[in-house]
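For reference, the chains in residue letters:
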Amino acid sequence: MPRSDTASDRAAKVDAATLRRAQAGDPAALRQVIDRHAPAVFGVLSRMLGRGDHAASVDDLAQETMLRVCTALPRFDPAGAASLSTWILTIATRLALQHRAKRRVHVVEIEPGALASPAATPEAHLHAGTLRSRARAIVDDLSEELRAAFVLAEAHGFTPQEIAVALDVPAATVRTRLHRARTRIRTALEGAEQP
């Protein structure tokens with residue numbers, strides 16, 4: 001069964017010849033793989049760890065991700081179940097989860113403007129800012145498992161099957177986690193809008 005492309009796949013395609021050269025250790029080809037996937041790696045790590053005070057951790061884990069990618073790339077199977085971008089983001093996700101387990105960091109970033117329309121009134125912008133802060137806190141309060149599934153699905157366009165590979169759990173578990181995360185977020189946001 002052919003695998004579907006995620007948003008990360010479409011943004012970071014590496015042609016087969018470049019991938020083969022990278023797997024053989026060609027430095028220029030390795031650089032292409034790293035350059036094309038670095039934005040997605042930084043994105044998933046930033047969302048998993050948060051920005052601000054944790055920027056150094058994001059940078060360190062991004063470097064560790066790329067080091068592991070370079071080391072393990074010869075063993076990556078392009079015909080396997082995971083696409084290259086899914087495989088790379090799985091490495092980044094697992095490193096972020098390990099880091100969070102050690103540090104118990106509880107921060108999440110939601111893109112500015114994600115909850116407000118550009119034509120809104122000043123009062124609406126203030127309300128959207130408050131709502132955005134509340135949404136950050138709600139996502140931050142999710143368990144590690146729910147948060148990881150939610151971030152991979154909503155911020156990076158992973159399918160439940162890709163998240164299952166990344167988190168090393170069954171796809172049914174991922175669907176349950178996504179449902180629970182979305183329900184908790186929706187319920188908490190609806191409660192925040194009540195006067």
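Quick note: structure is the one above.
Residues numbered from 1 in each chain as written. Predicted model: local features only at pLDDT ≥ 70, side-chain atom pairs only at ≥ 80, totals over all residues. Heavy atoms only, no water.

### A word on the environment of Phe 158
Here is step 1 of the chain: On the secondary structure map, Phe 158 appears in the loop between α7 (144–154) and α8 (160–167).
Here is step 2 of the chain: When its relative accessible area of 5% is taken as the criterion, Phe 158 is described as buried. (Helix = DSSP H or I, 4+ residues; strand = E, 2+ residues; numbered from the N terminus. Buried < 20%, exposed > 50% of the residue type's maximum accessible area, 1.4 Å probe, protein only.)

### Some thoughts on helix α3 (residues 27–49)
Here is step 1 of the chain: In α3, a bend of some 45° at His 37 exceeds every other bend along the element, and Pro 39, a proline, comes one to four places later.
Here is step 2 of the chain: Capping the start of α3, Asp 26 holds a side-chain oxygen 2.8 Å from the backbone nitrogen of Ala 28, two or three residues further along. (Bend = angle between axes of the 7 residues up to and from the residue. Polar contact = N/O pair within 3.5 Å; in protein donor to acceptor, adjacent residues only side chain to side chain.)

### A short note on unusual backbone geometry
Here is step 1 of the chain: Even without a glycine there, the phi angle at Asp 168 is positive, about 60°.
Here is step 2 of the chain: Positionally, Asp 168 belongs in the loop between α8 and α9 (171–193).
Here is step 3 of the chain: In this structure Asp 168 comes out as exposed when scored by relative accessible area, which is 64%.

### Digging into the nonpolar core
Generally speaking, soluble globular proteins have nonpolar side chains that are buried together.
Here is step 1 of the chain: Residues Val 41, Leu 45, Leu 73, Leu 84, Trp 87 and Ile 163 are the most contacted members of the largest nonpolar core, which totals 43 residues.
Here is step 2 of the chain: Of all the secondary-structure elements, those providing two or more residues to this core are α2 (16–23), α3, α4 (55–72), α5 (84–103), α7, α8 and α9.
Here is step 3 of the chain: Here the element with the most residues in this core is α3; it accounts for 11 residues.
Here is step 4 of the chain: One finds Val 139, Leu 142, Ala 181 and Ile 185 within the second-largest nonpolar core, a separate group that totals 11 residues. (Core = buried A, V, L, I, M, F, W, Y, C linked by side-chain atoms within 4.5 Å.)

### Focus: the pattern of salt bridges
Here is step 1 of the chain: Scanning all chains against the criterion turns up four salt bridges.
Here is step 2 of the chain: A salt bridge links Arg 21 to Asp 26; the nearest nitrogen and oxygen atoms lie 3.3 Å apart.
Here is step 3 of the chain: Overall, Asp 26 belongs to the partly exposed group, its relative accessible area being 26%.
Here is step 4 of the chain: The residue Arg 31 makes a salt bridge to Asp 35 at a minimum N-O spacing of 3.1 Å. Of this pair, Arg 31 and Asp 35 both sit in helix α3, four residues apart, which is roughly one turn of the helix.
Here is step 5 of the chain: Note on Arg 31: relative accessible area 48%, which makes it partly exposed.
Here is step 6 of the chain: Look at Asp 35 and you get partly exposed, because its relative accessible area is 43%. (Salt bridge = Lys/Arg side-chain N within 4 Å of Asp/Glu carboxyl O.)

### Focus on the packing of aromatic side chains
Here is step 1 of the chain: For the structure shown, the criterion picks out one aromatic pair.
Here is step 2 of the chain: Seen from their ring centres, Phe 76 and Trp 87 are 5.0 Å apart, and the 45° between their planes marks the pair as tilted. Of the two residues, Phe 76 is situated in the loop between α4 and α5 and Trp 87 in helix α5; the sequence distance between them amounts to 11 residues.
Here is step 3 of the chain: According to the relative accessible area criterion, Phe 76 is buried, its value standing at 8%.
Here is step 4 of the chain: Assessed through its relative accessible area of 19%, Trp 87 is described here as buried. (Phe/Tyr/Trp six-rings, centres within 6.5 Å; stacked < 30°, edge-to-face > 60°.)

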